[in-house]
Amino acid sequence: MQNDSDRFFVLTGGPGSGKTTLIEALRHAGFAASVEAGRGIIRDQSAIGGPALPWHDRALFAELMLSWEMRSYQIALEQTGRPVFFDRGVPDTLGYLSLSGLPIPEHAHAAAERFRYHRRVFVAPLWPEIFAQDKERRQTLDEAERTHHALVGVYTELGYEMVPLPLAPVEARLRFVLAQTGL
């Protein structure tokens, strides 16, 4: 019998590397996919004047990201037998905390061990040619690179195998992911 983690595929990497564009292409191709926590939280918190923003309270922002990712996982469990693609996963929260110089609480470690994904994680490498800042993505290219390295480190420490996405148009990335997953 297949474990749920065998059908849960994560796309991670620094901001502005094309992850969400690829997730949208996967969704358009008929696959189930999660919504990125960071942008969703920033939009929600900005709309209500909330404090859980990365430029106000990084620790609170991380707690909401962790909660969002765990909920996304629970929702994915309802997609019985179907592959699900995640625009980041629970371990991304640990990478964010590490990058921010914040301690990683024991409950975040416990979540990363409990909410497991397919052992092969797709990582979008830094791609300066497509990187752009916007109202929600305020990180610099340097911070995007540091984020990439922090995330690769966390996923590797947790026993995942990192599969770099090609620096290629979204259609080629889509074919690559489908070939790598056997879908």
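All of the points below concern the structure found in this document.

## Re the sheet that holds strand β3 (residues 84–87)
In step 1: If you trace the 5 strands from one edge of the open sheet to the other, you get β2-β3-β1-β4-β5, paired in parallel fashion. The open sheet terminates on both sides in strands that have one partner only, identified here as β2 (32–33) and β5 (161–164).
In step 2: Looking at chain direction, strand β1 (residues 8–13) and strand β4 (residues 120–124) are connected through 3 bridges and run parallel. Looking at β4, one finds that T12 is bridged to V123.
In step 3: Lying on the sheet, helix α1 (residues 19–28) is in contact with β1, β2, β3 and β4; it crosses β3 at an angle near 160 degrees.

## As for the packing of aromatic side chains
In step 1: Following the criterion strictly, the structure yields 11 aromatic pairs and no others.
In step 2: Pairing Y155 with Y160 gives two aromatic rings, centres 5.4 Å apart and planes at 65 degrees, and the pair type is edge-to-face.
In step 3: Take Y160: its relative accessible area is 4%, and that puts it in the buried class.

## Here we look at the pairing of β1
Side-chain direction in a regular strand flips from residue to residue, so the side chains alternate between the two faces of the sheet.
In step 1: Burial analysis of β1 places 6 of its 6 residues in the buried class, which makes it a mostly covered element.
In step 2: As paired strands, β1 and β3 are joined by 4 bridges and run parallel to one another. Bridge assignment links F8 to a residue of β3, and that residue is V84.

## Structural notes on the pattern of salt bridges
Where charged atoms of side chains with opposite charge meet at close range, the side chains can pair.
In step 1: Counted under the stated rule, the structure contains 6 salt bridges.
In step 2: D92 is paired through a salt bridge with R88; the nearest N and O atoms lie 2.8 Å apart.
In step 3: When its relative accessible area of 6% is taken as the criterion, D92 is described as buried.
In step 4: Overlapping salt bridges bring together E36, R88 and D92 as one network.

## Describing helix α5 (residues 106–114)
In step 1: Buried within α5 we find A108, A111 and A112. Angularly, the buried residues of α5 cover 100 degrees about the axis, an arc narrow enough to put them on a single face. Among the exposed residues of α5, those pointing more than 90 degrees away from its buried face are E106 and R114.
In step 2: Contacts made by the buried residues of α5 are with α3 (58–77) and α4 (90–99).

## Some details on the environment of A111
In step 1: You can see A111 is positioned in helix α5.
In step 2: The spacing of A111 and V90 is 21 residues in sequence and 7.0 Å in space, taken between C-alpha atoms.
In step 3: The contacts of A111, once residues within four sequence positions are left out, are L66, M70 and V90.

## Some remarks on the environment of I75
In step 1: Note that I75 resides in helix α3.
In step 2: Separated by 41 residues in the primary sequence, I75 and S34 place their C-alpha atoms 8.7 Å from one another.

## Brief notes about the environment of P164
In step 1: By the element assignment, P164 lies in strand β5.
In step 2: Taking relative accessible area as the criterion, P164 reaches 51% and is therefore assigned exposed.
In step 3: Along the backbone, P164 and V123 are 41 residues apart, and their C-alpha atoms lie at a distance of 4.8 Å.
In step 4: Setting aside anything within four residues of it in sequence, one finds P164 in contact with V123 and F176.

## What about the nonpolar core?
In step 1: Counting residues in each nonpolar core, the largest one holds 22 residues, and the members touching the most others are F8, F86, V90 and Y117.
In step 2: Not counting residues up to four positions away in its chain, the partners in contact with F86 are F8, F9, V10, L11, I23, S34, S72, Y73, A76 and Y117.
In step 3: Core analysis: the next-biggest nonpolar cluster, separate from the first, contains 15 residues, L22, F122, V163 and L165 among them.

## Quick look at the side chain of H148
In step 1: Locating H148 in the fold gives a position in helix α6 (residues 141–157).
In step 2: Discounting chain neighbours no more than four positions away, the residues touching H148 are G13, G14, V123, A124, P125 and L126.

Basis of the calculations
Residues numbered from 1 in each chain as written. Predicted model: local features only at pLDDT ≥ 70, side-chain atom pairs only at ≥ 80, totals over all residues. Heavy atoms only, no water. Pairing = 2+ DSSP bridges. Helix = DSSP H or I, 4+ residues; strand = E, 2+ residues; numbered from the N terminus. Contact = heavy atoms within 4.5 Å. Axes fitted to C-alpha atoms, helices over the stretch in contact; angles between N-to-C directions. Phe/Tyr/Trp six-rings, centres within 6.5 Å; stacked < 30°, edge-to-face > 60°. Buried < 20%, exposed > 50% of the residue type's maximum accessible area, 1.4 Å probe, protein only. Salt bridge = Lys/Arg side-chain N within 4 Å of Asp/Glu carboxyl O. Arc of directions from axis to C-beta. Core = buried A, V, L, I, M, F, W, Y, C linked by side-chain atoms within 4.5 Å.

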